[in-house]
Amino acid sequence: GRPVPGVELKIDAAAGQAGEILARGPNVFAGYLKLPGKTREAFTPDGWFRTGDLGRLDDGWLVITGRQKELIVTSGGENIQPEEVEQVYAAHPYIQEFALLEQAGRLVGLILPEPGAIQRAGFGDIGAALRQAVVEAGQRLPSYQRIADYAVTRDPLPRTRLGKLR
(Lines give C-alpha, C1' and ligand atoms only; values in the text may rest on other atoms or scores of the structure.)
Protein backbone atom coordinates (compact mmCIF):
# COMPACT_ATOMS: atom_id res chain seq x y z
CA GLY A 1 0.00 0.00 0.00
CA ARG A 2 0.89 3.63 0.24
CA PRO A 3 3.07 4.98 3.06
CA VAL A 4 1.44 6.55 6.11
CA PRO A 5 1.15 10.36 5.67
CA GLY A 6 4.35 12.07 6.84
CA VAL A 7 6.53 8.98 6.36
CA GLU A 8 9.09 8.88 3.60
CA LEU A 9 10.16 5.55 2.17
CA LYS A 10 13.01 4.54 -0.07
CA ILE A 11 14.50 1.27 -1.19
CA ASP A 12 18.18 0.53 -0.66
CA ALA A 13 18.64 -1.02 -4.13
CA ALA A 14 18.79 -0.06 -7.80
CA ALA A 15 15.68 1.64 -9.17
CA GLY A 16 12.77 -0.75 -9.71
CA GLN A 17 14.48 -3.61 -7.88
CA ALA A 18 13.70 -5.07 -4.48
CA GLY A 19 15.92 -4.09 -1.58
CA GLU A 20 15.74 -3.12 2.07
CA ILE A 21 12.94 -0.70 2.92
CA LEU A 22 14.18 2.48 4.63
CA ALA A 23 11.84 4.88 6.41
CA ARG A 24 11.98 8.27 8.08
CA GLY A 25 9.44 10.67 9.47
CA PRO A 26 8.09 12.14 12.70
CA ASN A 27 6.44 8.86 13.77
CA VAL A 28 9.51 6.68 13.13
CA PHE A 29 11.32 6.00 16.40
CA ALA A 30 14.52 7.91 17.07
CA GLY A 31 16.61 5.06 18.44
CA TYR A 32 17.17 2.62 21.30
CA LEU A 33 17.32 4.09 24.82
CA LYS A 34 20.88 3.94 26.16
CA LEU A 35 22.00 1.66 23.30
CA PRO A 36 23.93 3.90 20.89
CA GLY A 37 25.60 0.97 19.10
CA LYS A 38 22.28 -0.67 18.36
CA THR A 39 20.86 2.68 17.22
CA ARG A 40 23.80 3.14 14.79
CA GLU A 41 23.07 -0.32 13.32
CA ALA A 42 19.37 0.48 12.92
CA PHE A 43 19.85 3.79 11.06
CA THR A 44 21.80 4.90 8.01
CA PRO A 45 24.31 7.72 8.55
CA ASP A 46 21.79 10.17 7.03
CA GLY A 47 18.96 9.17 9.40
CA TRP A 48 16.90 6.54 7.54
CA PHE A 49 15.57 3.66 9.68
CA ARG A 50 16.50 0.20 8.36
CA THR A 51 13.24 -1.75 8.66
CA GLY A 52 14.72 -5.16 7.89
CA ASP A 53 11.89 -5.69 5.39
CA LEU A 54 12.57 -6.17 1.69
CA GLY A 55 10.40 -4.62 -0.97
CA ARG A 56 10.09 -2.30 -3.92
CA LEU A 57 8.24 0.90 -4.76
CA ASP A 58 5.85 0.71 -7.69
CA ASP A 59 4.33 4.09 -8.65
CA GLY A 60 4.28 5.18 -4.99
CA TRP A 61 2.97 1.83 -3.74
CA LEU A 62 5.10 -0.22 -1.40
CA VAL A 63 5.28 -3.93 -2.21
CA ILE A 64 6.84 -6.00 0.60
CA THR A 65 8.63 -9.08 -0.69
CA GLY A 66 10.19 -10.56 2.45
CA ARG A 67 12.51 -10.09 5.41
CA GLN A 68 16.22 -9.43 5.05
CA LYS A 69 17.13 -11.73 7.96
CA GLU A 70 15.32 -14.64 6.26
CA LEU A 71 16.98 -14.07 2.89
CA ILE A 72 19.26 -16.88 1.72
CA VAL A 73 22.05 -15.87 -0.65
CA THR A 74 23.39 -18.81 -2.67
CA SER A 75 27.06 -19.31 -3.51
CA GLY A 76 26.13 -18.14 -7.02
CA GLY A 77 24.82 -14.84 -5.63
CA GLU A 78 21.11 -15.61 -6.10
CA ASN A 79 18.73 -14.21 -3.47
CA ILE A 80 16.09 -16.64 -2.23
CA GLN A 81 13.12 -15.81 -0.03
CA PRO A 82 12.41 -19.11 1.76
CA GLU A 83 8.66 -18.55 1.91
CA GLU A 84 8.32 -18.54 -1.88
CA VAL A 85 10.16 -21.87 -2.21
CA GLU A 86 8.36 -23.38 0.78
CA GLN A 87 4.99 -22.65 -0.83
CA VAL A 88 5.95 -24.57 -3.98
CA TYR A 89 7.11 -27.68 -2.12
CA ALA A 90 4.24 -27.55 0.41
CA ALA A 91 1.72 -27.38 -2.45
CA HIS A 92 2.53 -30.98 -3.37
CA PRO A 93 -0.19 -33.31 -2.04
CA TYR A 94 2.37 -35.64 -0.40
CA ILE A 95 3.85 -32.80 1.67
CA GLN A 96 1.90 -31.41 4.61
CA GLU A 97 4.55 -28.90 5.71
CA PHE A 98 7.91 -27.82 4.31
CA ALA A 99 10.71 -25.60 5.65
CA LEU A 100 13.66 -24.38 3.56
CA LEU A 101 17.05 -24.07 5.23
CA GLU A 102 20.61 -23.35 4.19
CA GLN A 103 23.17 -25.85 5.41
CA ALA A 104 26.86 -25.73 4.50
CA GLY A 105 26.11 -23.64 1.41
CA ARG A 106 23.32 -25.94 0.15
CA LEU A 107 19.55 -25.61 0.19
CA VAL A 108 17.91 -28.34 2.22
CA GLY A 109 14.35 -29.02 3.29
CA LEU A 110 12.54 -30.31 6.33
CA ILE A 111 9.39 -32.20 5.34
CA LEU A 112 6.34 -33.26 7.31
CA PRO A 113 4.68 -35.86 5.03
CA GLU A 114 0.96 -36.14 4.30
CA PRO A 115 0.51 -39.90 4.97
CA GLY A 116 -3.15 -40.03 3.92
CA ALA A 117 -2.44 -38.64 0.45
CA ILE A 118 0.57 -40.93 0.08
CA GLN A 119 -1.49 -44.02 0.98
CA ARG A 120 -4.38 -42.99 -1.30
CA ALA A 121 -1.88 -42.70 -4.16
CA GLY A 122 -0.92 -46.34 -3.61
CA PHE A 123 2.54 -45.84 -2.12
CA GLY A 124 3.60 -48.33 0.53
CA ASP A 125 6.88 -46.49 1.05
CA ILE A 126 6.70 -42.90 2.34
CA GLY A 127 10.35 -42.34 1.37
CA ALA A 128 9.67 -43.17 -2.29
CA ALA A 129 6.63 -40.90 -2.33
CA LEU A 130 8.60 -38.00 -0.87
CA ARG A 131 11.47 -38.48 -3.35
CA GLN A 132 8.91 -38.23 -6.15
CA ALA A 133 7.28 -35.17 -4.55
CA VAL A 134 10.62 -33.38 -4.19
CA VAL A 135 11.46 -33.99 -7.86
CA GLU A 136 8.01 -32.95 -9.09
CA ALA A 137 7.87 -29.77 -6.97
CA GLY A 138 11.47 -28.91 -7.85
CA GLN A 139 10.60 -28.91 -11.55
CA ARG A 140 8.39 -25.87 -10.90
CA LEU A 141 11.37 -23.90 -9.54
CA PRO A 142 14.52 -22.46 -11.11
CA SER A 143 17.51 -24.74 -10.50
CA TYR A 144 19.06 -22.41 -7.90
CA GLN A 145 15.90 -22.72 -5.73
CA ARG A 146 15.78 -26.53 -5.73
CA ILE A 147 16.80 -28.42 -2.61
CA ALA A 148 19.87 -30.66 -2.60
CA ASP A 149 18.67 -32.82 0.29
CA TYR A 150 15.92 -33.11 2.89
CA ALA A 151 15.05 -34.65 6.22
CA VAL A 152 11.67 -36.00 7.29
CA THR A 153 9.93 -35.19 10.56
CA ARG A 154 6.88 -36.70 12.23
CA ASP A 155 6.19 -33.55 14.23
CA PRO A 156 4.51 -30.37 12.98
CA LEU A 157 7.04 -27.65 12.23
CA PRO A 158 7.43 -24.98 14.93
CA ARG A 159 5.58 -21.75 14.19
CA THR A 160 5.28 -18.28 15.63
CA ARG A 161 2.02 -16.91 17.06
CA LEU A 162 1.33 -15.51 13.59
CA GLY A 163 1.70 -18.93 11.98
CA LYS A 164 5.07 -18.28 10.33
CA LEU A 165 7.78 -20.92 10.47
CA ARG A 166 10.44 -20.42 13.14
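Residues numbered from 1 in each chain as written. Predicted model: local features only at pLDDT ≥ 70, side-chain atom pairs only at ≥ 80, totals over all residues. Heavy atoms only, no water.

A short note on the overall build of the protein
Put simply, the rule reads: Under the DSSP-based scheme used, a helix requires at least four consecutive residues in state H or I and a strand at least two consecutive residues in state E, with every element numbered from the N terminus. We compute the radius of gyration over the C-alpha atoms and compare it with the globule rule, which gives 2.2 Å times the number of residues raised to the power 0.38. Partly exposed residues are those whose accessible area sits between 20% and 50% of the maximum for their type, while under 20% is buried and over 50% is exposed, using a 1.4 Å probe and protein chains only. Between two residues, a contact is recorded if the distance between any of their heavy atoms is within 4.5 Å. Each accessible area is a Shrake-Rupley result for a 1.4 Å probe, and residues are judged covered by the shown protein chains and nothing else. Residues scored as positive are Lys and Arg, those scored as negative are Asp and Glu, and His as well as the terminal groups of each chain are ignored. All charge positions are set by atom: Lys at NZ, Arg at CZ, Asp at CG, Glu at CD.
A count of helical and extended segments in the protein gives 4 helices and 9 strands. Ordering the α and β elements of the protein from the N terminus gives β-β-α-β-β-β-β-α-β-β-α-α-β. A globule of 166 residues ought to have a C-alpha radius of gyration of about 15 Å, yet the protein, at 20 Å, is considerably larger. For the C-alpha atoms alone, the extent of the protein along its principal axes is close to 60 × 35 × 30 Å. Burial statistics for the protein: of 166 residues in total, 32% are counted as buried. In the protein, 48% of the contacts between residues at least 6 apart in sequence involve partners at least 24 apart. As presented, the protein carries roughly 10,500 Å² of accessible surface, and 51% of it is formed by carbon and sulfur atoms. Across the protein, 20 positive and 20 negative side-chain charges occur, with their mean positions spaced 5 Å apart.

Things to note about the pairing of strand 3 (residues 49-58)
The condition is simple: Two strands qualify as a pair provided that DSSP identifies no fewer than 2 bridges between them.
Both strand 2 (residues 19-24) and strand 3 contribute to a ladder of 4 bridges, which runs antiparallel. Bridged to Glu-20 within strand 3 is Leu-54. Here strand 3 runs beside strand 4 (residues 61-67); their pairing, made up of 6 bridges, is antiparallel. Along strand 4, the bridge assignment pairs Gly-55 with Ile-64. The turn joining strand 3 and strand 4, which pair antiparallel and follow one another in sequence, is formed by 2 residues; a positive phi near 50° is taken by Asp-59.

Looking at helix 4 (residues 126-138)
The cut-off we apply is this: Expected span, for any helix, means 1.5 Å times one less than how many residues it has. Here, the arc refers to the directions that run from the helix axis to the C-beta atoms.
Its 13 residues give helix 4 an end-to-end C-alpha distance of 18 Å, which sits within 8% of 18 Å, the value for a rise of 1.5 Å per residue. Residues of helix 4 that are buried: Ala-129, Leu-130, Ala-133, Val-134, Ala-137 and Gly-138. Mapping the buried residues of helix 4 onto a view down its axis gives an arc of 155°, with all of them on the same face. Residues of helix 4 that are buried in the fold lie against helix 2 (82-90), strand 7 (95-103), strand 8 (106-113), helix 3 (115-120) and strand 9 (149-152).

Section: a nonpolar patch on the surface
For clarity, the threshold we go by: A patch is a set of surface residues, each over 30% in relative accessible area and not in a salt bridge, joined within 9 Å for like charges and within 5 Å for the nonpolar side chains Val, Leu, Ile, Met, Phe, Trp and Tyr. Within this document, salt bridges are pairs made up of a side-chain nitrogen of Lys or Arg and a carboxyl oxygen of Asp or Glu, the two lying within 4 Å of each other.
A cluster of nonpolar side chains, namely Phe-29, Tyr-32 and Leu-35, defines an oily patch on the protein surface of about 250 Å² accessible area. Topologically, Phe-29 is positioned in the loop between strand 2 and helix 1 (36-42). Residue classification places Phe-29 among the partly exposed positions, given a relative accessible area of 32%.

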